[in-house]
Amino acid sequence: MENMKTDYLTTYKKSYKSLPIERSVKATFSPDYLDPLSGPFTYYVKPKFIFNQLEDISDLETSDKCFHRLIEEYPVISRHIHSEPDQDVIEKDYRDLVRTVYQVDICKMKNGITSKKTLARKRVNLPEDWGEVPQTTHRAAYRDIRKLATWDLTPKSIVPPKATLDPNMKEREILQIKTGQSEYEGRIGQLGEDIVRHEMHGHVDDFRSCKIYEALKKRRLQREELRKH
(Lines give C-alpha, C1' and ligand atoms only; values in the text may rest on other atoms or scores of the structure.)
Protein backbone atom coordinates (compact mmCIF):
# COMPACT_ATOMS: atom_id res chain seq x y z
CA MET A 1 0.00 0.00 0.00
CA GLU A 2 2.85 2.33 0.84
CA ASN A 3 4.50 1.59 -2.51
CA MET A 4 1.32 2.44 -4.39
CA LYS A 5 1.31 5.91 -2.82
CA THR A 6 4.86 6.61 -3.88
CA ASP A 7 4.51 5.29 -7.43
CA TYR A 8 2.84 8.50 -8.59
CA LEU A 9 5.28 10.87 -6.87
CA THR A 10 8.04 12.63 -8.73
CA THR A 11 11.68 12.29 -7.82
CA TYR A 12 11.62 15.82 -6.42
CA LYS A 13 8.71 14.95 -4.11
CA LYS A 14 10.44 11.78 -2.92
CA SER A 15 13.81 13.40 -2.25
CA TYR A 16 12.74 16.77 -0.81
CA LYS A 17 10.24 17.19 1.95
CA SER A 18 7.87 20.13 1.83
CA LEU A 19 8.60 22.84 4.36
CA PRO A 20 5.95 25.11 5.87
CA ILE A 21 6.07 28.61 4.42
CA GLU A 22 5.25 31.53 6.67
CA ARG A 23 4.12 34.72 5.04
CA SER A 24 6.34 37.61 6.03
CA VAL A 25 4.86 40.61 7.72
CA LYS A 26 4.25 43.50 5.34
CA ALA A 27 6.80 46.22 5.91
CA THR A 28 5.44 49.60 6.88
CA PHE A 29 7.17 52.92 6.51
CA SER A 30 6.48 56.04 8.49
CA PRO A 31 8.02 59.23 7.06
CA ASP A 32 10.22 61.35 9.26
CA TYR A 33 8.43 64.52 8.12
CA LEU A 34 4.78 65.28 7.54
CA ASP A 35 5.78 67.27 4.47
CA PRO A 36 8.41 65.23 2.57
CA LEU A 37 9.27 68.18 0.29
CA SER A 38 9.90 71.03 2.69
CA GLY A 39 10.31 69.03 5.89
CA PRO A 40 14.00 68.10 5.49
CA PHE A 41 14.84 71.73 4.68
CA THR A 42 13.15 73.28 7.70
CA TYR A 43 15.41 75.86 9.29
CA TYR A 44 14.84 75.22 13.00
CA VAL A 45 17.52 77.53 14.37
CA LYS A 46 16.36 81.02 13.43
CA PRO A 47 17.73 84.42 14.42
CA LYS A 48 16.13 86.22 17.33
CA PHE A 49 14.40 88.91 15.26
CA ILE A 50 12.32 86.21 13.52
CA PHE A 51 10.64 85.06 16.74
CA ASN A 52 8.89 88.41 17.10
CA GLN A 53 7.29 87.95 13.66
CA LEU A 54 6.00 84.38 14.15
CA GLU A 55 2.78 83.37 15.89
CA ASP A 56 3.58 79.70 16.61
CA ILE A 57 7.11 79.04 17.88
CA SER A 58 6.43 75.69 19.54
CA ASP A 59 8.64 73.81 17.06
CA LEU A 60 11.44 76.39 17.16
CA GLU A 61 14.05 77.41 19.67
CA THR A 62 16.64 80.12 19.87
CA SER A 63 20.29 79.33 19.35
CA ASP A 64 21.08 80.05 23.02
CA LYS A 65 18.42 77.63 24.22
CA CYS A 66 19.59 75.00 21.74
CA PHE A 67 23.18 75.41 22.92
CA HIS A 68 22.34 74.89 26.60
CA ARG A 69 20.10 71.91 25.82
CA LEU A 70 22.87 70.16 23.88
CA ILE A 71 25.37 70.80 26.68
CA GLU A 72 23.03 69.17 29.19
CA GLU A 73 22.21 66.17 26.98
CA TYR A 74 25.70 65.69 25.52
CA PRO A 75 28.36 67.16 27.82
CA VAL A 76 31.10 65.98 25.46
CA ILE A 77 30.16 68.80 23.09
CA SER A 78 31.58 71.32 25.55
CA ARG A 79 35.07 70.18 24.52
CA HIS A 80 34.52 71.61 21.05
CA ILE A 81 32.03 74.43 21.65
CA HIS A 82 33.06 76.84 24.35
CA SER A 83 30.58 79.68 23.85
CA GLU A 84 27.13 80.40 22.52
CA PRO A 85 26.69 80.69 18.73
CA ASP A 86 27.34 84.05 17.15
CA GLN A 87 24.03 85.76 16.41
CA ASP A 88 25.50 87.73 13.50
CA VAL A 89 26.55 84.53 11.74
CA ILE A 90 23.14 82.94 12.27
CA GLU A 91 21.40 86.04 10.94
CA LYS A 92 23.69 86.18 7.89
CA ASP A 93 23.09 82.49 7.07
CA TYR A 94 19.34 82.98 7.41
CA ARG A 95 19.31 85.99 5.07
CA ASP A 96 21.49 84.16 2.52
CA LEU A 97 18.77 81.52 2.10
CA VAL A 98 16.79 83.88 -0.14
CA ARG A 99 19.81 85.27 -2.01
CA THR A 100 21.40 84.08 -5.22
CA VAL A 101 24.89 82.62 -5.53
CA TYR A 102 26.00 85.85 -7.23
CA GLN A 103 24.79 87.97 -4.31
CA VAL A 104 26.38 85.70 -1.70
CA ASP A 105 29.76 85.01 -3.33
CA ILE A 106 30.45 88.12 -5.42
CA CYS A 107 28.41 91.10 -4.25
CA LYS A 108 29.44 93.03 -1.17
CA MET A 109 26.18 92.74 0.70
CA LYS A 110 27.38 94.91 3.59
CA ASN A 111 27.34 97.94 1.32
CA GLY A 112 24.13 96.86 -0.39
CA ILE A 113 23.65 96.14 -4.07
CA THR A 114 22.89 99.74 -5.06
CA SER A 115 25.36 101.28 -7.51
CA LYS A 116 27.60 104.18 -6.55
CA LYS A 117 25.92 106.38 -9.16
CA THR A 118 22.54 105.83 -7.53
CA LEU A 119 23.93 106.47 -4.05
CA ALA A 120 25.52 109.74 -5.25
CA ARG A 121 22.19 111.14 -6.37
CA LYS A 122 20.48 113.63 -4.12
CA ARG A 123 16.75 113.98 -3.70
CA VAL A 124 15.54 117.49 -4.53
CA ASN A 125 12.11 118.78 -3.56
CA LEU A 126 10.42 120.59 -6.46
CA PRO A 127 8.30 123.72 -5.96
CA GLU A 128 4.56 123.24 -5.58
CA ASP A 129 3.81 125.18 -8.81
CA TRP A 130 6.29 123.13 -10.84
CA GLY A 131 3.55 121.47 -12.90
CA GLU A 132 3.21 117.91 -14.15
CA VAL A 133 6.50 116.03 -14.23
CA PRO A 134 6.91 113.90 -17.40
CA GLN A 135 7.64 110.24 -16.92
CA THR A 136 10.67 110.40 -19.23
CA THR A 137 12.65 113.14 -20.94
CA HIS A 138 11.98 111.39 -24.25
CA ARG A 139 8.23 111.91 -23.92
CA ALA A 140 8.69 115.57 -23.05
CA ALA A 141 11.06 116.42 -25.95
CA TYR A 142 9.98 114.03 -28.71
CA ARG A 143 7.92 115.40 -31.62
CA ASP A 144 6.23 113.03 -34.03
CA ILE A 145 7.66 113.60 -37.52
CA ARG A 146 4.44 112.36 -39.11
CA LYS A 147 2.59 115.35 -37.69
CA LEU A 148 5.30 117.87 -38.62
CA ALA A 149 5.99 116.77 -42.22
CA THR A 150 3.94 118.38 -45.00
CA TRP A 151 4.57 115.52 -47.44
CA ASP A 152 3.43 111.92 -47.49
CA LEU A 153 5.73 109.71 -45.42
CA THR A 154 3.93 106.47 -46.22
CA PRO A 155 6.53 104.00 -47.54
CA LYS A 156 5.90 102.91 -51.11
CA SER A 157 6.29 99.39 -52.37
CA ILE A 158 9.65 98.75 -54.00
CA VAL A 159 9.48 97.52 -57.60
CA PRO A 160 12.71 95.84 -58.72
CA PRO A 161 14.10 97.33 -61.95
CA LYS A 162 14.23 95.27 -65.10
CA ALA A 163 17.49 93.38 -65.20
CA THR A 164 19.70 93.50 -68.29
CA LEU A 165 20.18 89.73 -68.11
CA ASP A 166 16.48 88.92 -68.52
CA PRO A 167 15.97 86.61 -71.53
CA ASN A 168 14.62 88.11 -74.76
CA MET A 169 11.50 86.16 -75.66
CA LYS A 170 11.84 86.97 -79.39
CA GLU A 171 15.38 85.65 -79.53
CA ARG A 172 14.41 82.52 -77.60
CA GLU A 173 11.62 81.81 -80.09
CA ILE A 174 13.86 82.35 -83.15
CA LEU A 175 16.71 80.27 -81.75
CA GLN A 176 14.25 77.72 -80.31
CA ILE A 177 15.86 77.85 -76.89
CA LYS A 178 14.17 75.51 -74.43
CA THR A 179 16.38 76.25 -71.42
CA GLY A 180 14.37 76.59 -68.21
CA GLN A 181 11.34 74.88 -69.72
CA SER A 182 10.44 71.50 -68.26
CA GLU A 183 9.18 68.56 -70.29
CA TYR A 184 5.78 68.86 -68.65
CA GLU A 185 5.53 72.56 -69.50
CA GLY A 186 6.77 72.12 -73.08
CA ARG A 187 4.66 69.11 -74.07
CA ILE A 188 1.95 68.07 -71.63
CA GLY A 189 1.26 71.59 -70.39
CA GLN A 190 1.16 73.00 -73.93
CA LEU A 191 -1.22 70.26 -75.04
CA GLY A 192 -3.52 70.88 -72.07
CA GLU A 193 -3.48 74.62 -72.73
CA ASP A 194 -4.53 74.13 -76.37
CA ILE A 195 -7.31 71.70 -75.38
CA VAL A 196 -8.76 74.09 -72.82
CA ARG A 197 -8.33 77.25 -74.91
CA HIS A 198 -9.92 75.78 -78.05
CA GLU A 199 -12.53 73.86 -75.98
CA MET A 200 -11.83 70.59 -77.77
CA HIS A 201 -13.68 68.63 -75.08
CA GLY A 202 -16.31 71.22 -74.33
CA HIS A 203 -16.46 74.40 -72.32
CA VAL A 204 -14.95 74.35 -68.82
CA ASP A 205 -17.06 76.57 -66.56
CA ASP A 206 -14.73 76.85 -63.58
CA PHE A 207 -11.49 77.04 -65.54
CA ARG A 208 -11.39 80.84 -65.56
CA SER A 209 -11.55 80.85 -61.76
CA CYS A 210 -8.35 78.80 -61.49
CA LYS A 211 -5.02 80.48 -60.78
CA ILE A 212 -3.40 78.63 -63.67
CA TYR A 213 -5.72 80.41 -66.10
CA GLU A 214 -4.04 83.74 -65.37
CA ALA A 215 -0.61 82.22 -65.99
CA LEU A 216 -1.74 80.67 -69.27
CA LYS A 217 -3.34 83.92 -70.37
CA LYS A 218 -0.15 85.84 -69.65
CA ARG A 219 1.89 83.31 -71.59
CA ARG A 220 -0.47 83.46 -74.57
CA LEU A 221 -0.23 87.26 -74.70
CA GLN A 222 3.56 87.02 -74.71
CA ARG A 223 3.47 84.65 -77.68
CA GLU A 224 1.10 86.89 -79.61
CA GLU A 225 3.34 89.87 -78.95
CA LEU A 226 6.35 87.95 -80.26
CA ARG A 227 4.51 87.03 -83.46
CA LYS A 228 3.73 90.71 -84.14
CA HIS A 229 7.41 91.57 -84.03
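Since the structure is predicted, the reported quantities are computational estimates derived from the model, not experimental observations.

Draft legend 1. Structural view of the side chain of aspartate 96. Checked against the element boundaries, aspartate 96 lands in helix α5 (residues 87-96). Using a relative accessible area of 15% as the deciding quantity, one classes aspartate 96 as buried. A polar contact is formed between the side chain of aspartate 96 and the side chain of arginine 99, at a distance of 3.0 Å.

Draft legend 2. The arrangement of the side chain of aspartate 64 in detail. Relative to the helices and strands, aspartate 64 resides in helix α4 (residues 63-73). A relative accessible area of 16% places aspartate 64 in the buried class. Setting aside anything within four residues of it in sequence, one finds aspartate 64 in contact with Lys48, Glu84 and Gln87.

Draft legend 3. Examining the packing of aromatic side chains more closely. Taken as a whole and judged by the stated rule, the model has one aromatic pair. Here the aromatic rings of phenylalanine 49 and tyrosine 94 are separated by 6.4 Å at their centres, their planes lie at 80°, and the arrangement is edge-to-face. Taken as a pair, phenylalanine 49 in helix α3 (residues 48-51) and tyrosine 94 in helix α5 lie far apart in primary sequence, 45 residues in all. Assessed through its relative accessible area of 27%, phenylalanine 49 is described here as partly exposed. A relative accessible area of 22% means that tyrosine 94 is categorised as partly exposed.

Draft legend 4. Helix α11 (residues 183-197), seen in detail. The end-to-end C-alpha distance of α11, which contains 15 residues, comes to 20 Å, matching closely the 21 Å that a straight helix rising 1.5 Å per residue would cover. Largest kink in α11: about 40°, centred on glycine 189. Directly after α11, the chain includes glutamate 199, whose backbone phi takes a positive value near 55°.

What counts, and where the lines are drawn
Residues numbered from 1 in each chain as written. Predicted model: local features only at pLDDT ≥ 70, side-chain atom pairs only at ≥ 80, totals over all residues. Heavy atoms only, no water. Helix = DSSP H or I, 4+ residues; strand = E, 2+ residues; numbered from the N terminus. Buried < 20%, exposed > 50% of the residue type's maximum accessible area, 1.4 Å probe, protein only. Polar contact = N/O pair within 3.5 Å; in protein donor to acceptor, adjacent residues only side chain to side chain. Contact = heavy atoms within 4.5 Å. Phe/Tyr/Trp six-rings, centres within 6.5 Å; stacked < 30°, edge-to-face > 60°. Expected span 1.5 Å × (residues − 1). Bend = angle between axes of the 7 residues up to and from the residue.

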